Amino acid sequence: MVRVRFAPSPTGPLHIGGVRTALFNYLFARHNGGTMVLRIEDTDSKRFVPGAEDYIIEALRWLGIEIDEGIGSDNQPYGPYRQSERRDIYREYVQQLIEQGAAYYAFDTVEELEQARQEMPNFSYDASTRSKMRNSLSLPSEEVTRLLESGEEYVVRFKVDPDREVEVDDLIRGKVVISSTQLDDKVLYKSADDLPTYHLANIVDDHLMQITHVIRGEEWLPSAPLHVLLYEAFGWKDSMPQFAHLSLLLKPQGSGKLSKRDGDKLGFPVFPLEWRNPEDGSISMGYREQGYLPEAVSNFLALLGWNPGTDQELFADPQEPISSELISAFSLDRCSKSGARFDFEKAKWFNHQYIQLIPVERLITYIRPSLTEHGVNPTDEHLRDVLLTIRDKAQLLPDLLPEVLYFFVAPTEYDAKGVKKHWKAETPSYLQQMITLLEELPCEASLDTIEQALYDKINGDELPMGKVMNGIRMALVGAPRGARIHEIIYLLGIPESIRRMQHAIDEIKL
């Protein structure tokens, strides 16, 4: 049984790179009929941010990434799933490593470590320097006992033996080999807050929770050899999960990893939901609040660092936020080793496509509150017809409102630039002829009938098509935009269209 875990830290909002990691874990689990576990890595107590955990849960729910076990689920057979609540478990395994000589106590103060960095170029706490530091390998056993009994603060470090090749079999990158000499003696536990570090906590939790695959970002690849050594030290190598390190999300421009600063500079979100900083109240943009559909965001992210092996880009299912077709197509062997450039314009393209694809009833639920704020309360049937007509003009959900509103609220003012460009001295005469034409049509005239009558009149009388249509548009919409003219007339109704044309003739003066 495949078991994967997403284990974010509650140190702030969930970055879009973290969202992609969660998505790839979810796709892999669902593709293989496995389990998606959510665990919270809150061992760094100094960086904990109130509200961050709730934000993570809400973001995953919005995106349709379902949690089968752990935080946010009633299914918790290996709980607790917050690492801060597993102190007793970690102490046991820290002690095991110390007793078997795989780890040791280190009593060096912050000042002593800083002094070592100044005195030794490229200082690393490892086999070549540990004898010069204050730890249980360099101090007499009596001194170590005294320090421990007196309550002296310490950390526990993993003892890495040098001159050994460590192999990591990565499902995306293949075999990665690194010399243990390049690894330092990482801190596994800190007595100051009675918590383990990432390295120990994740190894213990992944083992106890029977995680079979660890799918995480490329930034964690350097720690993989250390994790292999830890699995060996515990005697768990045979049950070690398979690693898969995803490529980086790169800046839209230039080089380097995508950051919040890139989003702020170029005007796009790097968080799934809007985030209000509890410290200073500052607000960061979110894809949901900007008007993106969760299906579009998931589809867009899935293709950053993975491809289906075909030209297919859209994996849409009107019944599911993450389509079964995408789940079926996903596999780690089609994940790229190289970084994926973040194209926020492509994200808009995906959203535009999904606005066309989702059931129009969902668009009604999105836009109705905004219409209510403008005092407009159309029937669902009428609103449905309008949305089906104009939704191809929207990239983001907020784009729908101005395209819908003029169908229910007649213009009282007219766009100045539009008037200057499209309202000429002869425009009132053209509109009067169109009014006469519409008055001759039955009020229940069909869409096709209205279209044909307009074109027959304009072509038959050899009127300038562009000038006539632009004049009608200014009268009906109040600006040079909107749906096709015959569609607007049909949805407004012939009497209302005539009224708006006459009003424009009376009001617009050159």
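Residues numbered from 1 in each chain as written. Predicted model: local features only at pLDDT ≥ 70, side-chain atom pairs only at ≥ 80, totals over all residues. Heavy atoms only, no water.

## A closer look at the overall build of the chain
Let me state the cut-off plainly: Numbered from the N terminus, helices here are DSSP runs of H or I no shorter than four residues, and strands are runs of E no shorter than two. Here the radius of gyration uses the C-alpha set of atoms, whereas the globule reference equals 2.2 Å times the residue count to the power 0.38. Partly exposed residues are those whose accessible area sits between 20% and 50% of the maximum for their type, while under 20% is buried and over 50% is exposed, using a 1.4 Å probe and protein chains only. By definition, residues are in contact when any of their heavy atoms lie within 4.5 Å.
A tally of helices and strands in the chain yields 21 helices and 15 strands. Its C-alpha atoms give the chain a radius of gyration of 32 Å, clearly above 24 Å, the size a compact globule of 510 residues would have. If you line up the chain on its principal axes, its C-alpha atoms span 105 × 45 × 40 Å. Taking all 510 residues of the chain together, the buried fraction comes to 51%. A separation of at least 24 residues holds for 73% of the contacts in the chain among residues at least 6 apart in sequence.

## A word on the sheet that holds strand S8 (residues 187–190)
Note on sheets: strands pair through backbone hydrogen bonds, and any given pair is parallel or antiparallel. The line we're drawing: Note on pairing: two strands pair once DSSP finds at least 2 bridges between them. Lines fitted to C-alpha atoms define the axes here, with helix axes fitted over just the stretch in contact, and angles between the N-to-C directions of these axes take values from 0 to 180 degrees.
Taking strand neighbours across the sheet as the criterion, the 4 strands line up as S4-S5-S8-S9 in an open arrangement whose pairing is antiparallel. Each edge of the open sheet is held by one strand with a lone partner, namely strand S4 (103–106) and strand S9 (195–196). In this sheet, strand S5 (residues 155–158) lies alongside S4 in antiparallel orientation, the contact comprising 4 bridges. Residue pairing across strands places Ala 103 opposite Phe 158, the latter belonging to S5. On the sheet, helix H3 (residues 87–99) packs against S4, S5, S8 and S9 and is oriented at approximately 105° with respect to S4.

## A few points about unusual backbone geometry
Most of the time, phi is negative for any residue but glycine, and the peptide bond is trans. Looking along the chain, the bond that leaves Gly 79 and enters Pro 80 is cis, with omega of 0°. Located in the positive-phi region is Asp 194, a residue other than glycine, with phi close to 55°. As for its position among the elements, Asp 194 is in the loop between S8 and S9. A residue is classified by how much of its surface remains accessible, and Asp 194, at 17% relative accessible area, is buried. Backbone geometry places Glu 462, a non-glycine residue, at a positive phi of 55°. Residue placement: Glu 462 occurs in the loop between helix H18 (447–460) and helix H19 (465–477). You can call Glu 462 exposed: its relative accessible area is 71%.

## Re the packing of aromatic side chains
The condition is simple: Under the pairing criterion, centres of Phe, Tyr and Trp rings, with the six-membered ring standing for Trp, must be within 6.5 Å; the plane angle then separates stacked pairs below 30 degrees from edge-to-face pairs above 60, leaving the rest tilted. When the NZ atom of lysine or the CZ atom of arginine is within 6 Å of a ring's centre and also within 35 degrees of its normal, the charge is said to sit over that ring.
Applying the stated rule across the entire model yields 21 aromatic pairs. When the centroid spacing of 6.4 Å and the interplanar angle of 65° are considered together, the rings of Tyr 231 and Trp 236 count as edge-to-face. Of the two residues, Tyr 231 and Trp 236, both sit in the buried class. Aromatic pair Phe 268 and Phe 344: ring centres 4.6 Å apart, planes at 10°, arrangement stacked. Of this pair, Phe 268 sits in the loop between helix H8 (260–266) and strand S13 (275–276) while Phe 344 is found in helix H12 (residues 344–357), placing the two residues 76 residues apart along the sequence. The same class applies to Phe 268 as to Phe 344, namely buried. One aromatic cluster in this structure is built from Phe 268, Phe 300, Phe 342, Phe 344, Trp 349 and Phe 350. Positioned above the aromatic ring of Tyr 125, the side-chain terminus of Arg 157 is 3.8 Å from the ring centre.

## Details of the domain arrangement of the chain
This is how it is decided: Residue ranges labeled as domains rest on an automatic or database domain assignment.
Domain annotation for the chain reports domain 1 (84–246), domain 2 (260–354), domain 3 (359–406) and domain 4 (416–507). Taking only C-alpha atoms, the centre of domain 1 and the centre of domain 3 are 57 Å apart.

## Some points on helix H10 (residues 294–302)
When you tally the buried positions in H10, you get 9 out of 9 residues, the bulk of the element. Listed in full, the buried residues belonging to H10 are Pro 294, Glu 295, Ala 296, Val 297, Ser 298, Asn 299, Phe 300, Leu 301 and Ala 302. The secondary structure elements touched by the buried residues of H10 are helix H1 (16–31), helix H2 (52–63), helix H9 (287–290), helix H11 (324–329), H12 and helix H13 (360–373).

## Description of the pattern of salt bridges
The criterion, for reference: Here, a salt bridge means any side-chain nitrogen of Lys or Arg that lies within 4 Å of a carboxyl oxygen of Asp or Glu.
This structure, assessed with the given rule, holds 40 salt bridges. Because the salt bridges share partners, they merge into one network encompassing Arg 5, Arg 39, Arg 86, Asp 205 and Asp 206.

## Side note on the nonpolar core
As a reminder of what qualifies: By convention a nonpolar core is built from buried Ala, Val, Leu, Ile, Met, Phe, Trp, Tyr and Cys residues, the set being connected through side-chain atoms within 4.5 Å.
Counting 157 residues, the largest nonpolar core has Phe 342, Leu 387 and Met 501 as its most contacted members. No other element matches H1, which puts 9 residues into this core. Ala 106, Met 120, Phe 123 and Val 155 belong to the second-largest nonpolar core, a separate cluster that totals 9 residues.

## What to know about the environment of Glu 325
Looking at the secondary structure, you find Glu 325 in helix H11. For the pair formed by Glu 325 and His 31, sequence separation is 294 residues and the distance between their alpha carbons is 9.9 Å. Leaving out residues up to four positions away in the same chain, Glu 325 has contacts with Gln 312, Leu 314, Phe 315 and Ala 316.

## Considerations on the UniProt feature "short sequence motif: 'HIGH' region" (unreviewed entry) in the chain
Filter applied, for reference: UniProt positions are given in the numbering used here, feature names are shortened, and annotations may be inferred rather than shown by experiment.
Per the UniProt record, "short sequence motif: 'HIGH' region" (unreviewed entry) is found at residues 8–18. In residues 8–18, helix accounts for 27% and strand for 0%; the two terminal C-alpha atoms are 8 Å from one another.

## Quick look at H2
Quick reminder of the rule: What a helix should span is 1.5 Å times the count of its residues minus one.
Between its terminal C-alpha atoms H2 stretches 17 Å, which fits the 16 Å expected from 12 residues at 1.5 Å a residue. With 9 of 12 residues buried, H2 is to be regarded as a mostly interior element. Looking only at H2, the buried set comprises Ala 52, Glu 53, Tyr 55, Ile 56, Ile 57, Ala 59, Leu 60, Trp 62 and Leu 63. Looking at the buried residues of H2, the elements they touch are strand S1 (3–6), H1, strand S2 (35–38), S13, H9 and H10. Downstream of H2 by one or two residues, Gly 64 has phi in the positive range, about 85°.

## Things to note about the side chain of Arg 368
Test applied: Pairs of N or O atoms within 3.5 Å make up the polar contacts considered here, provided that, within protein, one atom can donate a hydrogen while the other can accept it, and that residues adjacent in sequence are counted only when both atoms are side-chain atoms.
Tracing the backbone through its elements, the reader meets Arg 368 in helix H13. The exposure class of Arg 368 is buried, given its relative accessible area of 18%. At 3.1 Å, the side chain of Arg 368 and the side chain of Asn 377 are in polar contact. There is a polar contact of 2.6 Å between the side chain of Arg 368 and the side chain of Asp 380.

## With respect to the UniProt feature "binding site: ATP" (unreviewed entry) in the chain
Taking the numbering used here, the UniProt-annotated feature "binding site: ATP" (unreviewed entry) corresponds to Lys 260. Relative to the helices and strands, Lys 260 is located in helix H8. When neighbours within four sequence positions are excluded, Lys 260 is seen to be in contact with Val 270, Phe 271 and Ser 284.

## A short note on the environment of Ser 446
Here Ser 446 lies in the loop between helix H17 (427–439) and H18. Residue classification places Ser 446 among the partly exposed residues on the basis of a relative accessible area of 33%. As a C-alpha pair, Ser 446 and Glu 487 span 41 residues in sequence and 9.9 Å in three-dimensional space.

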